Amino acid sequence: MSGEEGWFDRFVNGLPETRVFQRLASWVLVPYWSWRTPVRPLPGGPHPSIQPGDNLQCMMNLIMPLKEKSPVGRAKAALAIAQNKDAIYAGLDNVGTVHFARFVIVGDNICMFSVYDGDFTNYIRDFIATIGSVFNAVVELVEGGEAVIPCEHNVEAFIQWVHERDLYQVPDTATDLLRDQEALNGDKAASGNDDLRLLPRKVVLQLRANANVSLGSGYRAYPGFSAAQVRNQLGIGW
Amino acid sequence: MGDSSVARRLVDAIIANLPEPAPGQRPVHTIGVGADGYFMASDVARNYCIAEHFKGQRIRVSVRFSNGQGGPKQHDGWSDVRGMATRFHLQDGAAADLIATTLAEFFARNVEDFFEFTKVARQQPVQRESPWRKILDMLQLKEPARDPYPKQTTSDGAGILNYANRRRFAQLAVFEAGVIGAPVSYARATYHAIHTFMVEDPHGVRRPVRFSWQPVAGVRTTDPAATPVDKYLRHELEERLRRWPARFMLMMTIGEAGDALDDPTKPWPARRVRVVMGTLTLTNLAKDQVADGERISFNPWRLVRGIEPSGDPILHARRCAYEVSREMRDGCPFRWS
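So, a few notes on the structure that sits alongside this text. (Residues numbered from 1 in each chain as written. Chains lettered and ligands numbered in written order. Predicted model: local features only at pLDDT ≥ 70, side-chain atom pairs only at ≥ 80, totals over all residues. Heavy atoms only, no water.)

## Comments concerning the overall build of chain B
Tallying secondary structure elements over chain B gives nine helices and eleven strands in all. Taken against the 2.2 N^0.38 rule, which gives 20 Å for 337 residues, the C-alpha radius of gyration of chain B at 20 Å falls within 12% of a compact globule. Its C-alpha atoms put chain B at 65 × 45 × 40 Å along the principal axes. By residue count, 56% of the 337 residues in chain B fall in the buried class. By sequence separation, contacts in chain B at least 24 residues apart represent 75% of the contacts at least 6 residues apart. Taking the 47 positively charged and 39 negatively charged side chains of chain B as two groups, their mean positions are separated by 2 Å. (Helix = DSSP H or I, 4+ residues; strand = E, 2+ residues; numbered from the N terminus. Rg over C-alpha atoms; globule rule 2.2 N^0.38 Å. Buried < 20%, exposed > 50% of the residue type's maximum accessible area, 1.4 Å probe, protein only. Contact = heavy atoms within 4.5 Å. Lys, Arg positive; Asp, Glu negative; His and termini not counted. Charge placed at Lys NZ, Arg CZ, Asp CG, Glu CD.)

This is the structure we're talking about:
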């Protein structure tokens, strides 16, 4: 970068991009610092908030490992969704708080991503009431799912099961990740003796504890409006 | 009106920490360029704010883009906050100013914090960190200190980091400033007016809002690994405007009860309602750069009916501080609307 930069400076500056250092980091440094400075998994779903705007267009991001990890297992999951198309639409129209919902197969996981208005537990509760059979058909194919189906008979356990699989939503601002970690550890101090240069380690260790995350709270074209408001403004009723 | 002695101390504290003073010039955002253009409010802007420039007629504007650093040295390619001060020229010689920077949050909640910052964040001699020290940092999965730029001899970086490490409210602004980079063009950055203002709609409803300018050309920064170029932003803007106008959308985010109305260190959640308030079109560099690039004086309190300041203590302090700074550099006198 500067004229005084020697070959050793250049070598060291490029070190993090070398395969040797990356392997050292993966195999030694990350496990070591994870042991020295343990990081607990952060809970999934939206951050609790009483503010109206924070309770609109909330994200749910479920990644559920299939029991049968093969093309046949994936096909069964695809079939479970295809066979329930009418039930899903009926549920969407009756619940009235969902902006969109998607089922995606990634590797040997079935994923459900949705954007909904209101409280998470009410969202799941409403869907159990309207399309519990679809949940049962999907969850039956998922590791650990047999413990909570039929969901109509295990409402609270099912809600908790879903919550535990909902991805941690990394905050939109980098330093709010630190605040989440502090809150999880009961540290509510306004000031500490922090070291911002340790942010990379904290991010790495958190992503070790929460291997799958949602990056940010989502990017919205029309934030602050519910599905019902949008449909009402468009004159298509609900 | 605020305490002018505090304002004087604020300006003096900034000047005392400059790597190289620039008498007769702005103490910060010293290097800048003026541009001319016009603003057209969107169809919905008048539903949210009764201010004259949101009624829909074409409004002449003067804009000053700037590098955040104080002092006479120009380092366009250094990672730095950039400024975009906009004057809306209204009827009968009245005007409204909107002052924004590429940093979305501030690092001080109030004047006391700011004085603390100026005490801690002093310019210090800077040199390249030893490679062995960097290796040690890497083994700790820690960000090594950034190499100084060519010919850079002092930096306030270590002091700023020290300030933020002990004040969590400042960490977001300091972190974002540290990774902000250099824009490829003044017209390719997003600028945020970090304070909350209260706007009044035609029904008398008052809403807390924050404004930002979003570039129609998109956001892009230079390659941080490349050797930075000291002078290119003014020429780039001139060439860009010679070919085609540069546009910015003025976005207004509406706050909710519970959002930080008086604290510029706290961002609002991304889930707040955003309203398109209009489009700014820049057509050419100002022909008289002395008048429209240097002597022109902005003030975040230069507002018109329909827009009021919030209770943000930093916003209140800026009113007098900008006036003191203007007087010290013999800037154009301030006319209240």
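## Side note on the nonpolar core
Phe39, Phe54, Phe65, Phe211 and Trp213 of chain B are the most contacted members of the largest nonpolar core, which has 50 residues in total. Those residues in contact with Phe54 of chain B, other than ones at most four positions away along the chain, are Phe39, Ala41, Ala45, Arg46, Cys49, Phe211, Leu250, Met277 and Ile307 of chain B. (Core = buried A, V, L, I, M, F, W, Y, C linked by side-chain atoms within 4.5 Å.)

## Some thoughts on the interface of chain A and chain B
Opposite the 52 residues of chain A that make contact, chain B presents 44 residues. Around 4,100 Å² of area is buried between chain A and chain B when both sides are counted, 54% of it from carbon and sulfur atoms. Between chain A and chain B we count eight salt bridges in total. Between Glu5 of chain A and Arg128 of chain B there is a salt bridge whose closest N-O contact spans 3.8 Å. Elements with a minimum of two residues in the side of chain A that touches chain B: helix 1 (7-14), helix 2 (19-36), helix 7 (174-184) and helix 8 (199-209) of chain A. Split into classes, the residues belonging to the side of chain A that touches chain B amount to 25 nonpolar, 14 polar and 13 charged. (Buried area = accessible area lost by both parts, 1.4 Å probe. Salt bridge = Lys/Arg side-chain N within 4 Å of Asp/Glu carboxyl O. Nonpolar A, V, L, I, M, F, W, Y, C, P; charged D, E, K, R; others polar.)

## Side note on the environment of Val184 of chain B
Residues and elements named next belong to chain B. Here Val184 is to be found in the loop between helix 6 (168-178) and strand 7 (191-200). Each C-alpha atom of the pair Val184 and Ala291 lies 26 Å from the other, and the pair is 107 residues apart in sequence. Setting aside its immediate chain neighbours within four residues, Val184 contacts Arg220, Thr221, Thr222, Tyr232, Leu233 and Glu236.

## Remarks on the pattern of salt bridges
Going through the model one piece at a time under the given rule, you end up with 33 salt bridges over all chains. Among the ionic pairs, Asp12 of chain B bridges to Arg8 of chain B, the shortest N-O distance being 3.5 Å. Separated by four residues within a single helix, Asp12 of chain B and Arg8 of chain B lie in helix 1 (residues 4-16), roughly one turn from each other. Given a relative accessible area of 33%, Asp12 of chain B falls into the partly exposed group. The exposure class assigned to Arg8 of chain B is partly exposed, which follows from its relative accessible area of 40%. For Glu323 of chain B, the salt bridge is made with Arg326 of chain B, and the minimal N-O distance between the two is 3.0 Å. Linking Glu323 of chain B with Arg326 of chain B, this pair stays in helix 9 (residues 313-328), spanning three residues, or about one helical turn. The same class applies to Glu323 of chain B and to Arg326 of chain B, which are both buried. Connected through salt bridges with shared partners, the residues Arg179, Glu182, Asp187 and Asp194 of chain A together with Arg168 of chain B form a single ionic network.

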